[in-house]
Structure formats: C-alpha cells, structure tokens
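Residues per chain are reported as follows:
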Amino acid sequence: MATYSVATDGACMRNPGPAGWAWVGEDGRWSAGSLEAGTNNIGELLAVLYAIRDNAAVADLHIQADSMYAINTYQTWMDAHARRGWKTSTKEPTKNVEILQALIEARDARRAAGLPDVTFEHVKGHAGHRLNGWADERAVRAAQHGSRGLEAIWSSDRGQDLIDVTVDAPKAGEDQPKRSRSRGLP
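These notes cover the structure that comes with them. Small disclaimer: the values here were computed from a predicted structure and weren't measured.

Basis of the calculations
- Residues numbered from 1 in each chain as written.
- Predicted model: local features only at pLDDT ≥ 70, side-chain atom pairs only at ≥ 80, totals over all residues.
- Heavy atoms only, no water.
- 1 Å grid on protein atoms, 1.4 Å probe; cavity = no way out; pocket = protein on both sides within 12 Å on 5 of 7 lines; lining within 4 Å.
- Points joined across faces, edges and corners; volume = space filled by probe spheres on them.
- Helix = DSSP H or I, 4+ residues; strand = E, 2+ residues; numbered from the N terminus.
- Nonpolar A, V, L, I, M, F, W, Y, C, P; charged D, E, K, R; others polar.
- Expected span 1.5 Å × (residues − 1).
- Buried < 20%, exposed > 50% of the residue type's maximum accessible area, 1.4 Å probe, protein only.
- Contact = heavy atoms within 4.5 Å.
- Polar contact = N/O pair within 3.5 Å; in protein donor to acceptor, adjacent residues only side chain to side chain.

Notes on the layout of surface pockets
- By volume, the second largest pocket is sized at about 160 Å³.
- Lining the second largest pocket are T39, N41, Y69, T73, W77, H81, T88, P93, T94, K95, N96 and L100.
- No other element matches helix 2 (residues 68–83), which puts four residues into the lining of the second largest pocket.
- Of the residues that constitute the lining of the second largest pocket, the class distribution is four nonpolar, seven polar and one charged.

As structure tokens, this is what we get:
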C-alpha cells in the first residue's frame, strides 16, 4: 500500500466532560479511547497522536481529520508554542502541553526513522465521509464509556475485530448492521 489513510475524530459530552477519541484505517483497523474528563479538542489531538503512534512503521501515513484545530496544531502551532516556552501568541499558557509534547515526539521519531512527515486532509464531519463516520461512531461510544467512569483503550491491534468499512457507520442510537458489527467497545 503506497499511502495508508486513517480518519480521526474526537468527541466530548458536555464539553468539557467525558471524552473519547478514535482513528479508523482504510482497511478496518481502528483504535479508540475514553477519558472521564476532557474536551473535544483533547479528543481530537489524542486521535491524531494515537493514529501516528499506532502506525509508526507506515511510511506514507495520511490522516483525514474533520478538525482544523487538530490539523493546525500539528502542522504549525505546536512547534510555535514550544519555541515560545509553551505560551500562545498572546502570552497565555498553552493548553494540552503534554499531548503537544507527545505529538512532537511522535513526529520526531518518524523523522529519526527516515520516514516522511504525516500528511493531512481536512474532511467535513457528519457529511457522509465513510471513514470519518466510523471514527466519529467509535469516539462517541468511547466518550459514553468515559461518562460511566471507564478510562480504557480498545483496538483491533489489541484483539478487537476489524470494522467493515465498506458500509456506513450506524447513526447515533442505531444498531450496527450484523455484517459490520465488531467485538469490543460495547
């Protein structure tokens, strides 16, 4: 596979509140995680971070994200914040520093391994983009687990079934069709 594409998404209930993140690959691989407390932006950034970490050996990793915040943070802002000593351009403390530092480490590890930088594509959320629909479905379910006090990570790389990405993700409150049901992330 010349380029491997994954969609990322974050979700939050009562922003801030219980949060979730997810990435879903074009081959049905996926990962999702829940947090008892977070924000939508934290979910978006964690989705990108785990997509990069979980696909560290993929030479040409292409991330499709519906969050311009996540894309801009990765491509421009995180390095600028670091250069300013973790201050924003208005001299305010940078939010989510630990995640930004982890993103820089993940990016730098790819560079040290001789891999090209991750590429990004902005996709419109909730607009029929199949992989984004699946990433949203996983992130929302993860946030629901966070609302019940569960912080965990589920992944097809950790024994869960692949997603059948040839079908659309179920809409909120809708059961998955039998052929696309996957084990895990109940």
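Digging into helix 4 (residues 130–147)
- In this model helix 4 runs 26 Å from its N-terminal to its C-terminal C-alpha over 18 residues, within 8% of the 26 Å that 1.5 Å per residue would give.
- With 13 of 18 residues buried, helix 4 lies mostly within the body of the structure.

Concerning helix 1 (residues 40–54)
- Compared with the 21 Å implied by 1.5 Å per residue over 15 residues, the 21 Å span of helix 1 between its first and last C-alpha is a close match.
- Among the 15 residues that make up helix 1, eleven are buried, leaving the element largely enclosed by the rest of the structure.
- For helix 1, the complete set of buried residues consists of I42, G43, E44, L45, L46, A47, V48, L49, Y50, A51 and I52.

Points about the environment of D168
- Residue position: D168 is located in the segment after strand 6 (153–155).
- Classification of D168 by relative accessible area gives partly exposed; the value is 44%.
- With 60 residues separating them in the primary sequence, D168 and D108 have C-alpha atoms 35 Å apart.
- Once residues within four sequence positions are removed from consideration, D168 is found in contact with R130 and W134.
- Engagement of the side chain of D168 in a polar contact is seen with the side chain of R130, the distance being 2.8 Å.

Some remarks on unusual backbone geometry
- The omega torsion across N15 and P16 is 0°, close enough to zero to call that bond cis.
- Of note in the backbone geometry, K91 takes a positive phi value of approximately 75° without being a glycine.
- In this structure, K91 sits in the loop between helix 2 and helix 3 (97–112).
- Here N96, not a glycine, exhibits a phi torsion of approximately 60°, which is positive.
- Within the secondary structure layout, N96 lies in the loop between helix 2 and helix 3.

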